[in-house]
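Survey of secondary and tertiary structure
Here's the letter readout for the chains.
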Amino acid sequence: MAEVHIRLENLCKSFGAKHVLRGVNLDIYRGEILYIIGKSGSGKSVTLKNIAALMRPDSGRVLIDGLDIHALAEAELNQLRRKMGVLFQMAALFDSMSVFENVAFAPRRFTKMGEDELRALVQQKLELVGLRNVEHLNPSALSQGMQKRVGLARAIALDPEIVLYDEPTTGVDPILAAAVDDLIRTLNAKTGVTSIVISHDINSVFRTAHRVAMLYDGVFRLVGTPADFRNSDDPVVRQFIDGSAHGPIPIL
Amino acid sequence: MRKLKQSLLSFFERLGEAILALLETIGAFSIFAGQTFRYCFVPPFDFRNLLYQMSEIGVKSIPVGVVSSFFVGMVMALQLGGPMEQQIQGISAFMGGGISLAMVRELAPVLTSVLLAGRVGSSIAAEVGTMKVTEQIDALATLATNPVHYLSVPRFLAALFCIPMITVMAIVVGILGGALISNISLDIPYNLYFESARTLVRTKDLVSGVSKTFFFGAEIALIACFSGFRARGGAEGVGQATIQAVVFSFMMIIVSDYFITYIFQLFGL
Ligand SMILES: Nc1ncnc2c1ncn2[C@@H]1O[C@H](COP(=O)(O)OP(=O)(O)OP(=O)(O)O)[C@@H](O)[C@H]1O
Ligand SMILES: [Mg+2]
């Protein structure tokens, strides 16, 4: 488990005068499930977008398999992206396409599969996320939780080595949330995929994570196992885990 | 005095900022247009998507373009016939030539382009803008698909092909509209009308009129896609982008019409 898959090196990102990331450092190992937690607006999605090369850091590097992804030419970056799936916070399904076309998007473009194979693949991926007979529907006809699962099916359609999840369980009922957590773990166990998960849901985190990193004030305040977090006596960490409105973390 | 100086200073400051923002937008637009041109020649070539856009942008715009042009032809005959005949007896024998020349060189190209800037430009900007603010464009990128390549290229090519074709239809139908009213209310026989059209309108007029619309089509699609890509901040941002796309393409069509015509005339068109 010691092989570094993704390395974040001193990532900094500001929007105007607002310093969101102030030097983020982290090694993510191949095959692990890493959760990123932190309060709303702390820069979790920004971190994820830097890893997915959707946003350029002001300074610092993101290394995947030793390659600085923000220095790659477009063709190389796209090669790398076929091995990475991203689940967006709002699912970001293509609303002009059916569920089938959404999930089949990458396989259709990047493999030579025929229609029958595509159909089988899409059905298999949808069943994996607990959906059946929704292929013909339009994304707008789905609940938020279903949209997220379709988004996940789309993200894993090409069997990626890395999956980035932005709040997979937000807006999903507790039973489904548990199912999504199971899914993250199953996927990880079956395929050895490296998973980075953003979550607000402390229960999910403790249930699923191998390691947890807490973003606070633009840096990782604590990186460790769930047990490390449970035993931490850092008041900032404590407040977040106990879900208390009182403590050192300012609400506004 | 000091107050005046201060308000002057802040005026120039704001003017400077506005100019910088304008330059920034022009620069970004040029880069975007350049990328779109370049990706036209980069595989994969998505013919399915191109055909779909041609039907959305082209086929569905035919009724708007054709009906409007028919009525413009009719109203021209109505407006010109009486006054011209009052001044010079028999001048309305040239009605066919006058209307046709105006249709071919100016009216059909500009009218079609402006109508399509409204219909097509707004729908492109709204669609791409919605995709931007709902992160669908980011999703495209993570699926190893360049968003400019996937979204902008087919819309650009579709507009480039379809708008000239609709212009040709508009020319034909506009001339027919003029013929109809010339015949009904001015008693000009059809053969006289078309005879006059044939002597006055030459091939170079047609070349000039139709080839302008390639530029207009490119302007419409590029401005609309660009506005969509720059949309931010939810539904309101999409609305802004849409308005911006329509207003700017109207302006660009009218302004560039003058310059394109001027340059064409240098080449004898
Ligand atoms: N494109 C952008 N332009 C300007 N500011 C941005 C942009 N993206 C993010 N921000 C700002 O950066 C900060 C961090 O945003 P981010 O989306 O990463 O938060 P988050 O930790 O994911 O929060 P949440 O849990 O609510 O999703 C926010 O204050 C946000 O306003
Ligand atoms: Mg977020």
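Here is a short report on the structure shown in this document. (Residues numbered from 1 in each chain as written. Chains lettered and ligands numbered in written order. Predicted model: local features only at pLDDT ≥ 70, side-chain atom pairs only at ≥ 80, totals over all residues. Heavy atoms only, no water.)

1. Observations concerning the overall build of chain B
Using the following cut-off: Numbering of helices and strands runs from the N terminus, with a helix taken as a DSSP run of H or I at least four residues long and a strand as a DSSP run of E at least two residues long. Only protein chains enter the accessibility calculation, which uses a 1.4 Å probe; a residue is then buried when its area is under 20% of its type maximum, exposed when over 50%, and partly exposed in between. The contact rule is simple, with two residues in contact once any of their heavy atoms fall within 4.5 Å.
Scanning chain B from terminus to terminus reveals 9 helices and 0 strands. Listed N to C, the secondary structure of chain B is α-α-α-α-α-α-α-α-α in terms of helices and strands. On the principal axes, the C-alpha backbone points of chain B span a range of 65 × 65 × 35 Å. Going through the 269 residues of chain B one by one, you find that 46% of them count as buried. Long-range contacts, defined here as pairs at least 24 residues apart, represent 87% of the contacts in chain B between residues at least 6 apart.

2. Quick word on the site of ligand 1
Residues and elements named next belong to chain A. Heads up, the condition is: Neighbouring residues are identified by heavy atoms, a residue being near a molecule or strand if any of them is within 4 Å of it. Residues adjacent in sequence count toward polar contacts only when both atoms are side-chain atoms; beyond that, a polar contact is any pair of N or O atoms within 3.5 Å, and within protein one must be able to donate a hydrogen and the other to accept it. In this description, accessible areas are obtained by the Shrake-Rupley approach with a 1.4 Å probe, and a residue is regarded as covered only by the protein chains that are shown. Gly is placed with the polar residues, together with every amino acid not listed as nonpolar (Ala, Val, Leu, Ile, Met, Phe, Trp, Tyr, Cys and Pro) or charged (Asp, Glu, Lys and Arg).
The full set close to ligand 1 counts 14 residues, and Lys-18, Ser-40, Gly-41, Lys-44 and Ser-45 are the nearest of them. Between ligand 1 and the protein, one listed contact pairs an oxygen atom with a side-chain N or O atom of Lys-18 at 2.8 Å. When isolated, ligand 1 has an accessible area of 630 Å², and the protein chains bury 68% of it. Among the elements that line the shell around ligand 1, the one with the most residues is helix α1 (residues 44-51), at 3 residues. By residue class, the composition of the shell around ligand 1 is 3 nonpolar, 7 polar and 4 charged.

3. Quick look at the packing of aromatic side chains
What counts, and what does not: Under the pairing criterion, centres of Phe, Tyr and Trp rings, with the six-membered ring standing for Trp, must be within 6.5 Å; the plane angle then separates stacked pairs below 30 degrees from edge-to-face pairs above 60, leaving the rest tilted. Here, over-ring charges are defined by two tests on the NZ atom of lysine or the CZ atom of arginine: distance to the ring centre within 6 Å, and angle to the ring normal within 35 degrees.
Under the counting rule described, the total for this entry stands at 11 aromatic pairs over all chains. Relative to B:Phe71, the ring of B:Phe70 lies with its centre 6.1 Å away and its plane at 90°, an arrangement referred to as edge-to-face. B:Phe70 sits in the partly exposed class, given a relative accessible area of 26%. Ring geometry for B:Tyr193 and B:Phe194: centres 5.2 Å apart, planes at 85°, overall edge-to-face. Looking at B:Tyr193, the relative accessible area reads 1%, which means it is buried. Residue B:Phe194 is classed as partly exposed on the basis of its relative accessible area of 34%. An aromatic cluster of at least three residues, connected via ring pairs, comprises B:Phe29, B:Phe32, B:Phe226 and B:Phe229. Between the NZ or CZ atom of A:Arg154 and the centre of the ring of A:Phe94, over which it lies, the distance is 4.5 Å. Taking NZ or CZ as reference, B:Arg38 lies 5.0 Å from the ring centre of B:Tyr39, over its face.

4. Describing the sheet that holds strand β5 (residues 67-68) of chain A
Residues and elements named next belong to chain A. Where we set the bar: A pair of strands is considered paired only if DSSP assigns at least 2 bridges between the two. Here an axis means a line fitted to C-alpha atoms, over the contact stretch when the element is a helix, while the angle between two N-to-C directions is reported on a 0 to 180 degree scale.
One open sheet holds the 4 strands; their spatial order is β2-β1-β4-β5, and the pairing between them is antiparallel. Edge positions in the sheet fall to β2 (18-29) and β5, since each of these pairs with one other strand and no more. The strands that α1 touches are β1 (4-15), β2 and β4 (59-64); relative to β1, the one it contacts most, it runs at about 125°.

5. Things to note about the coordination of the magnesium ion (ligand 2)
Residues and elements named next belong to chain A. Counted only if it meets this: Here the coordinating atoms are restricted to nitrogen, oxygen and sulfur within 2.8 Å of the metal centre, or 3.2 Å for Na, K and Ca, and because water is not among them the sites may look incomplete.
Those donors, Ser-45 (OG) and Gln-89 (OE1), are the protein atoms that reach the magnesium ion (ligand 2), and they lie 1.9 to 2.4 Å from it. Within this pair, whereas Ser-45 is found in helix α1, its partner Gln-89 is found in the loop between β6 (84-87) and α3 (99-110), the two being separated by 44 residues in sequence. Note on Gln-89: relative accessible area 25%, which makes it partly exposed.

6. Details of the side chain of B:Ser196
Structurally, B:Ser196 is set in helix α7 (residues 190-200). In this structure B:Ser196 touches B:Ala93, B:Phe94, B:Met95, B:Gly96 and B:Gly97, once residues within four positions along its chain are discounted.

7. As for empty space enclosed by the protein
Put simply, the rule is: Put simply, the grid is 1 Å and covers the protein atoms alone, a cavity is a trapped set of points that fit a 1.4 Å probe, a pocket is an open set with protein on both sides within 12 Å along at least five of seven lines, and lining residues have an atom within 4 Å of a point. Grid points are joined across faces, edges and corners, and a volume is the space filled by probe spheres set on the points.
If you walk through the whole model with that rule in mind, you get 2 cavities of 30 Å³ or more. Estimates place the volume of the largest cavity at around 90 Å³. What lines the largest cavity is a set of 15 residues, and nearest its centre among them are A:Arg81, A:Met84, A:Ala155, A:Leu158 and B:Leu143. Within the residue set of the lining of the largest cavity, elements represented by two or more residues are β6, α3 and α5 (144-155) of chain A. Residue contributions to the lining of the largest cavity peak at 3 residues, all from β6(A). Across the lining of the largest cavity, the residue classes tally to 10 nonpolar, 2 polar and 3 charged. When its volume is computed, the second largest cavity comes out at roughly 50 Å³. Along the walls of the second largest cavity sit A:Ser45, A:Leu48, A:Lys49, A:Ala52, A:Leu54, A:Val86, A:Leu87, A:Phe88 and A:Asp166, which together make up its complete lining. If you list the elements that add at least two residues to the lining of the second largest cavity, you get α1 and β6 of chain A. Tallying contributions element by element places α1(A) first for the lining of the second largest cavity, with 3 residues. Looking at the lining of the second largest cavity, its residues break down into 6 nonpolar, 1 polar and 2 charged.

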